[in-house]
Amino acid sequence: MAMPTARCRTAMSRTAHCRPGPEAAVNDVVVQVHAAGFTPGELSWPGTWTDRLGRDRTPSIPGHELAGVVSALGYGTRGLSVGQRVFGLADWTRDGTLAEYVAVEARNLAPLPGDVDFTVGASLPISGLTAWQGLFVHGRFQVGQSVLVHGAAGGVGSMVTQLAREAGAYVIGTGRAADRQTALDFGAQEFVDLDNDALSNASGVDLVFDVIGGGIGKRSAGLVRAGGMLETIAGPPEAQPADGLAVDFVVEADRAQLSAVGLRVRDGRLRTNIGNVSPLDDAVSAFNPTERTKGKTIIRVRR
């Protein structure tokens, strides 16, 4: 398959915008993007605008999650082939996935099962990997433990809830009152309304998974039983459980973990949480919604 000669549409503007076609470096692949996930906070991440040494690299193409088809292989690339359906996580400090083609390290991609839609595939990498790593890598989850999931109706929280339930956890979800039924539908066995219920009623849990931070994160330290863990993706924890651990982490790409998530989606054991799907030409509007969007924002690059 021929190498693309230009990126003629990106999410940087509403009009056509061409860039030189990405080239596949050693161990890279070029992916023809069909759908891309977008996390609003990434526009404030330093890596969106600078390289690994902190040098300006604007104009940048944002986006890190993708699903598409491999169109070219770099030297030494193994495990993937041209024409293969894939999904995964692009590097934090390279041009991203909100374009027609993107160059990605092959190890950051996994095969996308043939009966999983590209839109669904693009919604999985950050939320799925964050949930998996939080529970099974950093959280060292064991069967029978109790897990409190903040934001249980959101993109990450819903994944944590489902994976924890499947693994044998007792799950308590939190969120706004309007999120109660959604959190319960995703598998939470109890729900705490953060605006009206006492968070202290959920004390004595083995693991708190925090996506909120701030005052909620601080108060959550007191919910952890002796030997348990407070885990957060909202920045360094501001409080430490009295007799437990506090951990923060940044999600990393992992092919085996991506594959495990993708197979669960294919088999119906895991549902993604998509809130809004927009074409690439409307991406700027999708980045700036006029009202709160529940679930993941997906940019559809190809039909």
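Residues numbered from 1 in each chain as written. Predicted model: local features only at pLDDT ≥ 70, side-chain atom pairs only at ≥ 80, totals over all residues. Heavy atoms only, no water.

## Quick look at the overall build of the chain
Looking only at helices and strands, the chain features 7 helices and 15 strands. Expressed as lengths along the three principal axes of its C-alpha atoms, the size of the chain is roughly 60 × 40 × 35 Å. Counting across all 303 residues of the chain, residues that qualify as buried make up 53%. A separation of at least 24 residues holds for 62% of the contacts in the chain among residues at least 6 apart in sequence. Of the roughly 13100 Å² of accessible surface on the chain, 50% is carried by carbon and sulfur atoms. Positive and negative side-chain charges of the chain, numbering 29 and 31 respectively, have mean locations separated by a distance of 4 Å. (Helix = DSSP H or I, 4+ residues; strand = E, 2+ residues; numbered from the N terminus. Buried < 20%, exposed > 50% of the residue type's maximum accessible area, 1.4 Å probe, protein only. Contact = heavy atoms within 4.5 Å. Areas by Shrake-Rupley, 256 points an atom, 1.4 Å probe, with all protein chains shown as cover. Lys, Arg positive; Asp, Glu negative; His and termini not counted. Charge placed at Lys NZ, Arg CZ, Asp CG, Glu CD.)

## Considering the pattern of salt bridges
Summed over all chains, the structure comprises 13 salt bridges. Where D267 meets R266, a salt bridge forms, and the shortest distance between an N and an O atom there is 2.9 Å. By relative accessible area, which is 41% here, D267 ends up partly exposed. Residue R266 is classed as partly exposed on the basis of its relative accessible area, which comes to 40%. What emerges from the salt-bridge pattern is a single network uniting E166, R264, R266, D267 and R269. (Salt bridge = Lys/Arg side-chain N within 4 Å of Asp/Glu carboxyl O.)

## As for the nonpolar core
In this structure, F87, V147 and V160 are the most contacted members of the largest nonpolar core, which totals 41 residues. Contributions of two or more residues to this core are made by β4 (65–73), β5 (85–89), α1 (118–122), α2 (125–138), β8 (146–149), α3 (155–166), β11 (205–210) and α6 (255–266). In contact with V147, other than residues within four places in its own chain, are F141, A164, A169, Y170, V171, I172 and L207. Grouped together as the second largest cluster of nonpolar side chains are 23 residues, L80, A106, L280 and I299 included. (Core = buried A, V, L, I, M, F, W, Y, C linked by side-chain atoms within 4.5 Å.)

## Side note on the packing of α2 against α6
Two numbers describe how α2 lies on α6: the axes approach to 10 Å, and their chain directions differ by 110 degrees. When the interaxial angle is binned, α2 and α6 end up roughly perpendicular. Residues P125, G128, L129, W132, Q133 and V137 of α2 form the contact with α6, whose own contacting residues are Q257, L258, A260, V261 and R264. Each residue belonging to the contact of α2 with α6 can be placed in one class, and the counts come to 7 nonpolar, 3 polar and 1 charged. (Axes fitted to C-alpha atoms, helices over the stretch in contact; angles between N-to-C directions. Parallel < 35°, antiparallel > 145°, perpendicular 65-115°, else oblique. Nonpolar A, V, L, I, M, F, W, Y, C, P; charged D, E, K, R; others polar.)

## What about the pairing of strand β9 (residues 170–175)?
With 5 of its 6 residues buried, β9 lies for the most part within the structure. After leaving β8, the chain enters α3 and then returns to the sheet as β9, a path that is right-handed. Summarising the sheet, β9 and strand β10 (residues 190–193) pair through 4 bridges and their orientation is parallel. Looking across to β10, one finds that I172 is bridged to E190. Between β9 and its parallel partner β10, the chain crosses via helix α4 (residues 180–185), and the hand of that crossover is right-handed. (Right-handed = clockwise from strand over helix to strand, strands pointing away. Pairing = 2+ DSSP bridges.)

## A few points about the layout of surface pockets
What the largest pocket holds in volume is close to 1400 Å³. Breaking the lining of the largest pocket down by element, the ones donating at least two residues are α2, α3, β9, α7 (283–287) and β15 (296–300). For the second largest pocket, the calculated volume is near 200 Å³. Lining the second largest pocket we find R52, L89, A90, D91, W92, E105, R107, N108, V250, V251, E252 and A253. (1 Å grid on protein atoms, 1.4 Å probe; cavity = no way out; pocket = protein on both sides within 12 Å on 5 of 7 lines; lining within 4 Å. Points joined across faces, edges and corners; volume = space filled by probe spheres on them.)

## Notes on α2
When you tally the buried positions in α2, you get 11 out of 14 residues, the bulk of the element. Within α2, burial applies to P125, I126, S127, G128, L129, T130, A131, W132, Q133, G134 and L135.

## Observations concerning the packing of α2 against α3
Axis separation between α2 and α3 bottoms out at 8 Å; the angle between their running directions is 50 degrees. Between α2 and α3, the angle falls in the class oblique. In this structure, α2 meets α3 at a crossing whose hand is right-handed. Along the contact surface, α2 presents S127, G128, T130, A131, W132, L135 and F136, while α3 presents G155, V156, M159, V160, L163 and A164. By residue class, the composition of the contact of α2 with α3 is 9 nonpolar, 4 polar and no charged. (Left-handed = near helix turned anticlockwise from the far one by under 90°.)

## A closer look at the confidence of the model for the chain
Averaged over the chain, the pLDDT score is 89; the fraction of residues at 70 or greater is 92%. Note that residues 1–7 has pLDDT below 50 and, in this model, 32 contacts with residues that lie over four places away or in other chains. In the model, residues 12–16 has pLDDT below 50 throughout and makes 7 contacts with residues more than four positions away in sequence or in other chains. (pLDDT = per-residue confidence, 0-100.)

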